[in-house]
Structure formats: structure tokens, C-alpha cells
Amino acid sequence: QVQVVESGGGLVQAGGSLRLSCAASGSGFIINDMGWYRQAPGKQRELVATITRAGSSDYADSVKGRFTISRDNAKNTVYLQMNSLKPEDTAVYYCNADIESALGYLPYWGQGTQVTVSS
């Protein structure tokens, strides 16, 4: 069974930084695109950043210039470096991995990690 697990969330003051990590584990799979999403109370889940296997990245306008997505293919891990955090960044952050395996070509989601930014 393939598992995707996030870590690194926490409580930080406005202007601070956090680094989120997401690792996929298991066997017999290949990870293609990966991404970070977030969901605040009362809001839809929104795309934060994506990265291809080759390293091409894209960002939501709300985080551009502040967040950086990266990945280590050897470790099956994707990271989200979050700088200059704002209270409006408060949300549960979810990692998504597009995984090819014997089960097919499917998206896998992590359990989410809470990020809270105080003003």
C-alpha cells in the first residue's frame, strides 16, 4: 500500500517561516507530479503549488514570492518552504502525489498538517 504523509506544520507568528515535508512510501510505484493544497475553515480546498518530476514549478498568486516548492526524487519527498507567513495562510495543508502503480494512475493524498499563523 502506498502512503503519503505530511509533517512540519505548527504555530508561527506573522512574518515567520515553516517548512513542510511530504514523503511517499511503499513499493512498485512511480511519482509524477506533486503538489500542495490547503483548506481553511469555510473555504474550498485550493491549490498552493505544484512541481513536476523534472522540477518545473507553479504557484498560486497568493503565495508567489513567499513560498517555494521543491522535491527530492531519490527520497520520494516534496517540500514547501513558507516564508513571510500571513494570518490568511492559516489552513490545513495537504500533499498530493500523482502515483503510477499496479492499482493504476491515481492521486494520493496525505492526512494534512495544520499551519496556524498568528497576527
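Heads up: these notes are all about the structure in this document. (Residues numbered from 1 in each chain as written. Predicted model: local features only at pLDDT ≥ 70, side-chain atom pairs only at ≥ 80, totals over all residues. Heavy atoms only, no water.)

## Focus: the sheet that holds strand β3 (residues 18-25)
Inclusion rule: Each pair of strands is called paired provided DSSP finds at least two bridges between the two strands. Each helix is a run of DSSP H or I of at least 4 residues and each strand a run of E of at least 2, with the numbering of both proceeding from the N terminus. Axis geometry follows a simple rule: fit a line to the C-alpha atoms, using only the stretch in contact for helices, then measure angles between N-to-C directions, giving values from 0 to 180 degrees.
One open sheet accounts for four strands, arranged β1-β3-β8-β7; its pairing is antiparallel. Of all strands in the sheet, those with a lone pairing partner are β1 (3-7) and β7 (67-72), marking the two edges. Here the strands of the sheet are splayed against their neighbours by 15 degrees on average, with no regard to which way each runs. Judged from the six bridges that link them, β7 and strand β8 (residues 77-82) form a sheet pairing that is antiparallel. Along β8, the bridge assignment pairs R71 with V78.

## Quick look at unusual backbone geometry
Of note in the backbone geometry, N76 takes a positive phi value of approximately 50 degrees without being a glycine. Within the element layout of this structure, N76 appears in the loop between β7 and β8.

## Some points on the side chain of R66
Our working definition: Relative accessibility under 20% of the residue-type maximum defines a buried residue, over 50% an exposed one, and the middle range a partly exposed one, all with a 1.4 Å probe and only protein chains included. The contact criterion used is simple: two residues touch if any of their non-hydrogen atoms lie within 4.5 Å.
One can find R66 in the loop between β6 (57-59) and β7. Classification of R66 as buried rests on a relative accessible area of 12%. Residues contacting R66, with those up to four places away along its chain left out, are Q81, M82, N83, S84, L85, K86 and D89.

## A look at the pairing of strand β4 (residues 30-39)
Regular strands show a simple pattern: their side chains alternate between the two faces of the sheet. When β4 meets strand β9 (residues 91-101), the two strands line up antiparallel, connected through eight bridges. Note that in β9 the partner of Y37 across the bridge is Y94. Pairing of β4 with strand β5 (residues 46-51), which is carried by five bridges, proceeds in the antiparallel orientation. The partner of M34 across the bridge, within β5, is I51. The loop that links β4 with its antiparallel partner β5 comprises six residues; one of these, G42, has a positive phi angle of about 80 degrees.

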